[in-house]
Amino acid sequence: MECYREEIFGPVLVSMSVDTLDEAIKVINENPYGNGTAIFTTNGATARKFTQEIDGKKQTSIFTRTNDLQIETYNGKTDTASVRWVNDCEFILQKLHPKNMTEKKAISMKILFTKNNTYTFEYGFVGDEKKQRGTVTKLD
């Protein structure tokens, strides 16, 4: 489907059918734009496997952060966000040039603990109880 292979903007819904879950995961993982995806199924096991294999895949981004600005590169794309510190271990990220409604949502970051040149943190949209965890490793 040409529309899925090209980066487009607007409110657009692209719907694709595939024969297997593995084929669905392959289509998503091969898309270089990382746009939002969903799976529609009546099979709970299929939905859980989809979530684990898409979200469970190790993702890496490189960022530079100052007291009030963060520049992050992920999958070859660079974004800039303002940083507002809540305390020594918590801050709020707000994208400076959001491209959609989701990117307009601020992200809460909380450093949980540090060890040597790493720290573990939790993050989620401000006001949302759902949190995820990640680890940062300082590069010299």
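Data block above holds the structure.
Residues numbered from 1 in each chain as written. Predicted model: local features only at pLDDT ≥ 70, side-chain atom pairs only at ≥ 80, totals over all residues. Heavy atoms only, no water.

Quick look at the pairing of strand 5 (residues 107-115) now. Relative to strand 5, strand 4 (residues 90-95) runs antiparallel, the two being bridged by four bridges. Looking at strand 5, one finds that L93 is bridged to I107. Linking two consecutive strands that pair antiparallel, namely strand 5 and strand 6 (residues 118-125), is a turn of two residues; a positive phi of about 50° is found at N116 within it. (Pairing = 2+ DSSP bridges. Helix = DSSP H or I, 4+ residues; strand = E, 2+ residues; numbered from the N terminus.)

Before going further, it helps to examine the sheet that holds strand 6. Taken in spatial order, the seven strands line up as 1-2-3-4-5-6-7 in an open sheet, and their pairing is antiparallel. What marks the edges here is a single partner per strand, and that holds for strand 1 (61-65) and strand 7 (132-137). In this sheet, adjacent strand axes meet at a mean angle of 30° when their direction is disregarded. As defined by bridge partners, strand 1 adjoins strand 2 (residues 69-74) across five bridges and the pair is classed as antiparallel. Within the sheet, the bridge partner assigned to F63 lies in strand 2 and is E72. (Axes fitted to C-alpha atoms, helices over the stretch in contact; angles between N-to-C directions.)

Ranked by size, the top nonpolar core spans nine residues in total: A81, V83, F91, L93, M109, I111, Y119, F121 and V136. When residues of this core are traced back to their parent elements, those giving at least two are strand 3 (77-87), strand 4, strand 5 and strand 6. Here Y119 is in contact with F63, R65, I111, F113, T114, G134, T135 and V136, once residues within four sequence places are set aside. (Core = buried A, V, L, I, M, F, W, Y, C linked by side-chain atoms within 4.5 Å. Buried < 20%, exposed > 50% of the residue type's maximum accessible area, 1.4 Å probe, protein only. Contact = heavy atoms within 4.5 Å.)

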